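These are the residues of each chain, in order.
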Amino acid sequence: KAGVTQTPRYLIKTRGQQVTLSCSPISGHRSVSWYQQTPGQGLQFLFEYFSETQRNKGNFPGRFSGRQFSNSRSEMNVSTLELGDSALYLCASSWGRQLDYGYTFGSGTRLTVV
Amino acid sequence: KNQVEQSPQSLIILEGKNCTLQCNYTVSPFSNLRWYKQDTGRGPVSLTIMTFSENTKSNGRYTATLDADTKQSSLHITASQLSDSASYICVVRPTFDNQGGKLIFGQGTELSVKP
């Protein structure tokens, strides 16, 4: 079966712009979580969505937002991009809450802010 | 505070050799501990998942051990291959949602296997 699909794979944006990243979970999975990964920082939790509701949120500024649609697909948006937002953005899906088994990551979107 | 610490930060070994990566955690109580392999620029892929009551779990040349008393886990890689070059991440799942409701990730160990 298809895995977690993230689009686009690569993205280059200019400071001050905004960006939207997409994540399509494994069929049947209802939970989607987002992470930011930068060198030396490891995976930093952004937020988790379950059945279109945000269930948990990490310590990121309000420029980072997300949503989940009725088909479980999720998008995250970053407004007013800063150079420090350059990172690999990963999403993960699972059938139930994010802590369940079957937690599967996508291949990520590499965002570069110039 | 729930933390997961991994050592070493990086490791270089020759192809064919064995190696062991360490993970110390303070998360308590916890339900399971996971090891992921992450190739450069890709998403992490699950290698093993152990519940708090398990001591060892194998996946091919990868063997994870868990000592819940000392709060330590290790990942042993046997007969390393060039394709084992990657970051290995230890992740702990707290038992209760009031422990933060999130998986706790280590910083990872960067393994480089040289020919």
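Coordinates for the structure precede this section.
Residues numbered from 1 in each chain as written. Chains lettered and ligands numbered in written order. Predicted model: local features only at pLDDT ≥ 70, side-chain atom pairs only at ≥ 80, totals over all residues. Heavy atoms only, no water.

> Mind showing me how you'd approach the packing of aromatic side chains here?
Residues and elements named next belong to chain A. Tallied over the full model, the rule gives 10 aromatic pairs over all chains. With a centroid separation of 5.8 Å and an interplanar angle of 50°, the aromatic rings of Tyr35 and Phe105 are classed as tilted. Taken together, the residues span a long stretch of sequence, with Tyr35 in strand 4 (residues 31–38) and Phe105 in strand 10 (residues 104–105) at a distance of 70 residues. Considered together, Tyr35 and Phe105 belong to a single accessibility category, that of buried residues. (Phe/Tyr/Trp six-rings, centres within 6.5 Å; stacked < 30°, edge-to-face > 60°. Helix = DSSP H or I, 4+ residues; strand = E, 2+ residues; numbered from the N terminus. Buried < 20%, exposed > 50% of the residue type's maximum accessible area, 1.4 Å probe, protein only.)

> Could you clarify how one ought to interpret the interface of chain B and chain A in this entry?
When the parts of a complex come together, some accessible area is lost, and that lost area is often used as the size of the interface. Taken together, the contact between chain B and chain A spans 20 residues of the former and 21 residues of the latter. Regarding the contact of chain B and chain A, the summed buried area is about 1,700 Å², with carbon and sulfur atoms giving 50% of it. Here chain B and chain A share zero salt bridges between them. The interface formed by chain B and chain A includes two residue pairs in polar contact (both at pLDDT 80 or more). Secondary-structure elements contributing two or more residues to the side of chain B that touches chain A are strand 4 (30–38), strand 5 (45–51) and strand 9 (86–94) of chain B. Of the residues forming the side of chain B that touches chain A, the biggest block, four residues, is contributed by strand 4 of chain B. Looking at the side of chain B that touches chain A residue by residue, the classes come out as seven nonpolar, eight polar and five charged. (Contact = heavy atoms within 4.5 Å. Buried area = accessible area lost by both parts, 1.4 Å probe. Salt bridge = Lys/Arg side-chain N within 4 Å of Asp/Glu carboxyl O. Polar contact = N/O pair within 3.5 Å; in protein donor to acceptor, adjacent residues only side chain to side chain. Nonpolar A, V, L, I, M, F, W, Y, C, P; charged D, E, K, R; others polar.)

> Please explain the state of the cysteines as it appears in this structure.
Between two cysteines, a covalent bond joining their sulfur atoms is known as a disulfide. For the structure on display, the rule yields two disulfides over all chains. Here Cys23 of chain A is linked by a disulfide to Cys91 of chain A, with a sulfur-sulfur distance of 1.9 Å. The sign of the S-S torsion, about 70°, decides the handedness of the disulfide formed by Cys23 of chain A and Cys91 of chain A: right-handed. Separated by 68 residues along the polypeptide, Cys23 of chain A in strand 3 (residues 19–24) and Cys91 of chain A in strand 9 (residues 87–94) bring together distant segments of the chain. Take Cys23 of chain A and Cys91 of chain A: they sit in the same class, and that class is buried. The closest cysteine sulfur to the non-disulfide-bonded Cys19 of chain B is located on Cys90 of chain B, 15 Å from its own sulfur. Exposure remark for Cys19 of chain B: the relative accessible area of 6% places this residue in the buried category. (Disulfide = S-S within 2.5 Å.)

> I tried to follow the sheet that holds strand 7 (residues 64–68) of chain A on my own but got confused; where do I start?
Strands in a sheet are paired, the pairing made by backbone hydrogen bonds, and the direction either parallel or antiparallel. Residue and element names in this part refer to chain A. The antiparallel open sheet is built from four strands, whose spatial order is 1-3-8-7. Each of the sheet's edge strands pairs with one partner strand only, and the pair in question is strand 1 (5–7) and strand 7. Strand-to-strand, the axes of this sheet are offset by a mean angle of 15°, without reference to chain direction. Two elements, strand 7 and strand 8 (residues 74–78), share five bridges in a ladder whose sense is antiparallel. Residue pairing in the sheet places Ser65 in a bridge with Asn77 of strand 8. (Pairing = 2+ DSSP bridges. Axes fitted to C-alpha atoms, helices over the stretch in contact; angles between N-to-C directions.)

> Looking at this structure, I do not really get the environment of Val45 of chain B. What am I missing?
Residues and elements named next belong to chain B. Relative to the elements of secondary structure, Val45 occurs in strand 5. Along the backbone, Val45 and Ile12 are 33 residues apart, and their C-alpha atoms lie at a distance of 21 Å. Those residues in contact with Val45 that lie beyond four places of it in its chain are Trp35, Tyr36 and Lys37.

> For this particular structure, what's the right way to read the nonpolar core?
Inside soluble globular proteins, nonpolar side chains tend to come together where they are buried. Residue and element names in this part refer to chain B. Counting 24 residues, the largest nonpolar core has Val4, Leu33, Trp35, Leu75 and Tyr88 as its most contacted members. Elements with a contribution of two residues or more to this core: strand 3 (19–25), strand 4, strand 5, strand 7 (62–67), strand 8 (72–77), strand 9 and strand 11 (109–114). Ignoring any residue separated from it by four or fewer positions in sequence, one finds Val4 in contact with Cys23, Asn24, Tyr25, Val27, Cys90, Val92, Ile104, Phe105 and Gly106. (Core = buried A, V, L, I, M, F, W, Y, C linked by side-chain atoms within 4.5 Å.)

> Help me out: how do you make sense of the layout of surface pockets in this one?
Here the idea is plain: a probe the size of a water molecule rolls over the atoms and shows the empty space left. The volume enclosed by the largest pocket comes to roughly 580 Å³. Elements represented by at least two residues in the lining of the largest pocket include exactly strand 5 (42–50) of chain A together with strand 1 (4–7) and strand 10 (104–105) of chain B. Ranked by residue count, the leading element in the lining of the largest pocket is strand 5 of chain A, at four residues. Class assignment for the residues of the lining of the largest pocket results in eight nonpolar, 12 polar and three charged. Here the second largest pocket defines a volume of roughly 460 Å³. Looking at the lining of the second largest pocket, the elements with two or more residues in it are strand 4 of chain A together with strand 9 and strand 11 of chain B. (1 Å grid on protein atoms, 1.4 Å probe; cavity = no way out; pocket = protein on both sides within 12 Å on 5 of 7 lines; lining within 4 Å. Points joined across faces, edges and corners; volume = space filled by probe spheres on them.)

> What am I meant to see in the pairing of strand 4 of chain B here?
Regular strands have side chains that alternate between both faces of the sheet. Residue and element names in this part refer to chain B. With eight of nine residues buried, strand 4 is to be regarded as a mostly interior element. With eight bridges connecting them, strand 4 and strand 9 associate as antiparallel partners. Residue pairing for strand 9: Tyr36 is matched across the bridge by Ile89. Where strand 4 meets strand 5, six bridges bridge the pair, whose relative direction is antiparallel. By the bridge assignment, Trp35 is partnered in strand 5 with Thr48. Turn length for the strand 4-strand 5 hairpin, with the two strands adjacent in sequence and antiparallel, is six residues, and the turn residue Gly41 shows positive phi of about 75°.

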